[in-house]
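Close look at the chain arrangement
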Amino acid sequence: MKENTTIEPALFCGNEAIGEAAIQAGCRAYFGYPITPQNELTAYMAKRMGEEGRVFIQSESELAAISMVFGAAAAGERAMTSSSSPGVSLKQEGISYLAGCELPAVIVNMSRGGPGLGNIGPAQADYYQSTRGGGHGDYRTPVLAGASVQELADLTFLAFDIADRYRTPTLILGDGILGQMMEPAVITHPEPTELPAKDWTLTGSRGRPPRSIKSLYLGPGELEAHNRKLQEVYRTISETEVRWESLMTEDASLVLVAYGITARICREVVFRLRKEGLPVGLLRPITLWPFPDKAIRELSRTAEKFLSVEMNFGQMVDDVRLAVNGNCPVEFFGHGGGEILTGAEIMEAARGHLPR
Amino acid sequence: MKSGGEKFIYRRPESLQDVPTHYCPGCGHGTVHRIIAEVIDELGIRERTVGIAPVGCAVLAYDYFNFDVTEAAHGRPPAVATGLKRVRPDLIVFTYQGDGDLAAIGTAEIIHAANRGEKITVIFVNNGIYGMTGGQMAPTTLVGQATATSPRGRDCEETGPPIKVCEMLAPLDGTDYIARGALDTPAHTRVLKGYIKKAFLNQVEGRRFSLVEALSPCPTYWRLTPQDSLARIGAEIIPHFPLGVIKDEE
Ligand SMILES: Cc1ncc(C[n+]2csc(CCOP(=O)(O)OP(=O)(O)O)c2C)c(N)n1
């Protein structure tokens, strides 16, 4: 993804890697509330933000944490919060306000088993919530899903840039395994990209007319116009920020579609089935919204079948079906409740779906 | 002074925009807005002030104040203020909140902002009712008071007694200044202005959490004339919510 020859890799868990990348990306304020399996991130920020002289607050709730993010973002500073599924449900209020007020922020969800309190095992059950806006109102948030500790760090830099470029809350979606597993990673700030000037921040009105930040539009047609403007931004994001990775899909009859830790397992499955001579490939969405639907539609002209593999009972499969649009069958394999899928069961499922 | 030599003794503060407000006749919000604007002018801090508007009748405060103002979700202004003030300690940050916003849905946020000793100013407009949504019972509604959701009068057995926010927050170590004033008479209004000025001055001088509660009339949902509303504050509300400086750590 990026070149770096000077820094030796160090061991990080996914949660810490996101924290370190956020600090290097210039995150000025972090607000969090304890919840497993993302506690390493809050602890990392408590230590490092203090060392850097930046703002760290353990908030009274996730409702408060996301509103603190709102305040810091309104002042034009890069701000982040993190949580896991039940806490991210509470953050939806603030995420909707951030979207309505066009404020940039980064929100991390190291998702766990649900619904309700569920458990603290890894899960991908928050796909719908993450990719459909999550809170009330007609909005979307970019969702970046890494599959390794290194990629989580890389995507954290990207998340802050996307948030600032489009003035939108941006999600990083991981799970209990990605958050806690340790891998070597090299975390250095990539070449800075040029971002639009923040000419909307509330920093006191010296030398300019007062500004306001709001999502309330009461006049006739005003809210409609505001929503159209947001939709225009979402269209641009859909056209320019789609990211995915494909593995041996060119000649594949069966294309697995998987993201995050599940894609990591599917990759191994593809290698093994290929050794047996079976024509299997993998398409891994890196952005869950915007979804790589063009890439999938393209593949649906050559592939005979898609298999959406998810750590849930079938959510992303809807998006695969929409992308394939009837060109070929789309099947689902997965289960959820805090248990990881095994390579063996995915292999078994893939074999069953291979055209005979 | 104008060129003609006339002397102004009363004029619109610079911190208020020259626009009509949407407030009902006799509502207290306009007076509290004006007091805040006068105080900000007098302290010379207009250009470094950021206000946080509530969800409630004062939701449009950013259209009336002549300085930077942001929206916040219902009850969350103290958290938004915390985020803003922590990243920009040079700014003067205040929240403006009703009793539904501050004393019901936002109780966690106000208690923890107070307890952390956030260096912010909170203006708490207590009209004992949810104005914006049509006159429902608030945590501060008086016992026996009839509202849309307590049609037979507030019953303590069912709803508990009215919450005294100042007395609840004053014991927290993070609070430096807590005072309660009222808008029922010109004399009380002048005293209230003194409290509000002190609450802003504290922040200018780097002191911690300051809150001023203003007992404010809502003629529309009290179903009283503006004059009778003011009389009700003196006769019924002040006896339950005593006026004065409840805490001053200076
Ligand atoms: C989450 C949420 N719940 C409820 C509402 C509806 N609502 C708008 S204003 C308000 C209460 C306003 O009462 P108060 O804070 O006392 O202020 P006032 O209008 O009396 O000035 C409520 C419940 C909302 N906007 N958001």
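In this numbering scheme, every chain counts its residues from 1 along its sequence in written order. As they are written, the chains are lettered A onward and the ligands numbered 1 onward, keeping that order. Restriction of local features to residues with pLDDT of at least 70 applies here, the model being predicted, together with a cutoff of 80 or more for giving and counting side-chain atom pairs; totals for whole chains, interfaces and linings are based on all residues. Calculation of side-chain values draws on the structure's entire complement of heavy atoms; hydrogens and water are dropped beforehand.

1. As for the overall build of chain A
A tally of helices and strands in chain A yields 12 helices and 15 strands. When we talk radius of gyration, it's over C-alpha atoms, and the globule rule is simply 2.2 Å times the number of residues to the 0.38. Whereas a compact globule of 356 residues would reach a radius of gyration of roughly 21 Å, chain A reaches 20 Å, a difference of no more than 12%. Along the longest, intermediate and shortest principal axes, the C-alpha atoms of chain A span 70 × 50 × 45 Å. Every one of the 356 residues in chain A was classed for burial, and the buried ones make up 58%. The numbering of helices and of strands both runs from the N terminus, where a helix is a DSSP run of H or I of at least 4 residues and a strand a run of E of at least 2. A simple rule labels every residue: compare its accessible area, found with a 1.4 Å probe on the protein chains alone, to the largest value its type can have, and call it buried under 20%, exposed over 50%, or partly exposed in between.

2. Remarks on the sheet that holds strand β14 (residues 305–310) of chain A
Residue and element names in this part refer to chain A. When DSSP finds two or more bridges between two strands, those strands count as paired. Read from one edge of the open sheet, 5 strands run β10-β12-β11-β14-β15, paired in mixed fashion. Unpaired on one side and paired on the other, β10 (244–247) and β15 (330–334) mark the two borders of the sheet. The sheet shows a mean angle of 20 degrees between the axes of neighbouring strands, taken without regard to direction. Note that β10 and strand β12 (residues 280–285) share 4 bridges and pair antiparallel. Following the sheet pairing, L247 is matched in β12 by L282. Angles run from 0 to 180 degrees between N-to-C directions of axes, and those axes are lines fitted to C-alpha atoms, restricted for helices to the stretch in contact.

3. With respect to the sheet that holds strand β5 (residues 105–111) of chain A
Residue and element names in this part refer to chain A. One open sheet holds the 7 strands; their spatial order is β3-β2-β4-β5-β7-β6-β13, and the pairing between them is mixed. Lying at the two open borders of the sheet, with one neighbouring strand each, are β3 (55–58) and β13 (287–289). Pairing of strand β6 (residues 143–144) with β13, which is carried by 2 bridges, proceeds in the antiparallel orientation. Residue pairing across strands places V143 opposite W289, the latter belonging to β13.

4. With respect to the environment of G137 of chain A
Counting through the fold element by element, G137 of chain A comes out in the loop between α5 (127–131) and β6. Expressed as a C-alpha distance, the spacing of G137 of chain A and N227 of chain A, which sit 90 residues apart in the sequence, is 9.4 Å.

5. Considerations on the packing of aromatic side chains
Residue and element names in this part refer to chain B. A pair of Phe, Tyr and Trp rings is counted when the ring centres sit within 6.5 Å of each other, with Trp represented by its six-membered ring. The angle between the planes then sorts it: under 30 degrees is stacked, over 60 is edge-to-face, the rest tilted. This structure, assessed with the given rule, holds 8 aromatic pairs over all chains. A centroid spacing of 5.7 Å and a plane angle of 65 degrees characterise the contact between Y23 and Y64, whose relative ring orientation is edge-to-face. Of this pair, Y23 sits in the segment before α1 (29–43) while Y64 sits in helix α2 (residues 61–64); the two residues are 41 residues apart in sequence, bridging distant segments of the chain. For Y23, a relative accessible area of 12% puts it in the buried group. On the basis of relative accessibility, which here comes to 6%, the residue Y64 falls in the buried class.

6. Re the nonpolar core
Note on soluble globular proteins: their nonpolar side chains tend to be buried together. In plain words, nonpolar cores are sets of buried Ala, Val, Leu, Ile, Met, Phe, Trp, Tyr and Cys residues tied together by side-chain atoms within 4.5 Å. Of all hydrophobic cores here, the largest spans 139 residues; its most connected members are M45, M80, L256 and F306 of chain A together with L211 of chain B. Element by element, the count of residues in this core is highest for helix α6 (residues 149–166) of chain A, at 10 residues. Any pair of residues with heavy atoms lying within 4.5 Å of one another is described as a contacting pair. Beyond its immediate chain neighbours, meaning those up to four positions away, M45 of chain A contacts G19, A22, I23, C27, Y30, G50, F56 and M80 of chain A.

7. Concerning the pattern of salt bridges
Residue and element names in this part refer to chain A. Basic side-chain nitrogens of Lys or Arg form a salt bridge, by our definition, when they fall within 4 Å of a carboxyl oxygen of Asp or Glu. If you walk through the whole model with that rule in mind, you get 44 salt bridges over all chains. In this structure, R48 engages E20 in a salt bridge whose closest nitrogen and oxygen atoms are separated by 3.1 Å. Note that R48 is positioned in helix α2 (residues 39–51) and E20 in helix α1 (residues 14–24), a separation of 28 residues in sequence. Pair check on accessibility: R48 and E20 agree, each one buried. Between R351 and E276 there is a salt bridge, with the nearest N and O atoms lying 2.6 Å from each other. Of this pair, R351 sits in helix α12 (residues 343–353) while E276 sits in the loop between α9 (260–275) and β12, and the two are 75 residues apart along the sequence.

8. Let's talk about the site of the ligand
Residue and element names in this part refer to chain B. By convention in these notes, a residue is near a molecule or strand provided one of its non-hydrogen atoms lies within 4 Å of it. The environment of the ligand is made up of 16 residues, and the closest members are H29, C57, D99, D101 and G131. Between N or O atoms, a polar contact is any pair within 3.5 Å; within protein, one atom must be a potential hydrogen donor and the other a potential acceptor, and residues adjacent in sequence are included only when both atoms are from side chains. Within the backbone of D101, one N or O atom sits 2.8 Å away from an oxygen atom of the ligand. Taking N127, its side chain carries an N or O atom lying 3.1 Å from an oxygen atom of the ligand. The element contributing the most residues to the shell around the ligand is helix α4 (residues 99–105), with 4 residues. The nonpolar class holds Ala, Val, Leu, Ile, Met, Phe, Trp, Tyr, Cys and Pro. Asp, Glu, Lys and Arg form the charged class, and all remaining residues, Gly among them, are polar. Classifying every residue of the shell around the ligand by side-chain character gives 6 nonpolar, 8 polar and 2 charged.

9. Focus on the interface of chain B and chain A
With 33 residues of chain B at the interface, the matching set in chain A holds 36 residues. In this description, buried area is defined as the sum, over both parts, of the accessible area (probe of 1.4 Å) that is lost when the two are combined. Each partner contributes to the roughly 2600 Å² buried at the junction of chain B and chain A, and carbon and sulfur atoms together form 59% of this total. In terms of surface lost to chain A, no three residues of chain B exceed E47, D68 and E71 of chain B, which account for 23% of the buried area on that side. Applying the counting criterion to the chain B and chain A interface returns 4 salt bridges.

10. Notes on the domain arrangement of chain A
Residue and element names in this part refer to chain A. Split into domains, chain A comes out as domain 1 (10–202 + 230–239) and domain 2 (245–353). Domain start and end points were adopted from an automatic or database domain assignment. Just the C-alpha atoms count here: the centres of domain 1 and domain 2 sit 26 Å apart. The partner domain 2 presents 25 residues to the 32 residues of domain 1 that form the contact. Surface buried jointly by domain 1 and domain 2 totals about 2400 Å² across both partners, of which 55% is contributed by carbon and sulfur atoms. If you sort the residues of domain 1 by the area they bury against domain 2, Q124, Y127 and Y128 come out on top, with a joint share of 31%. Across the contact surface, domain 1 and domain 2 share 3 salt bridges. A salt bridge links D319 to R132, with the shortest nitrogen-to-oxygen separation between them at 2.7 Å. At the junction of domain 1 with domain 2, the criterion picks out 17 residue pairs in polar contact (both at pLDDT 80 or more).

11. So, the environment of R11 of chain B
All names here are of chain B. By the secondary structure assignment, R11 is in the segment before α1. For R11, a relative accessible area of 47% translates into the label partly exposed. Taking the C-alpha atoms as reference points, R11 and E38, separated by 27 residues in sequence, lie 9.9 Å from one another.

12. Points about the confidence of the model for chain A
Chain-level statistics for chain A give a pLDDT mean of 96 and a share of 98% at 70 or above. Residue range residues 1–5 of chain A is modelled with pLDDT below 50. Its contacts to residues more than four positions away, or to other chains, number 8 contacts. Each residue carries a pLDDT score, the predictor's own confidence in it, on a scale running from 0 to 100.

13. So, the pairing of strand β2 (residues 29–32) of chain A
Residue and element names in this part refer to chain A. Here β2 shows no split at all, with A29 and F31 on one side and Y30 and G32 on the other all buried. Taken together, the 4 bridges between β2 and β3 define a ladder with parallel strand orientation. Considered in β3, the bridge of Y30 is made with F56. Note: β2 against strand β4 (residues 79–83), 4 bridges, orientation parallel. Its bridge partner being in β4, G32 is matched across the sheet by S82.

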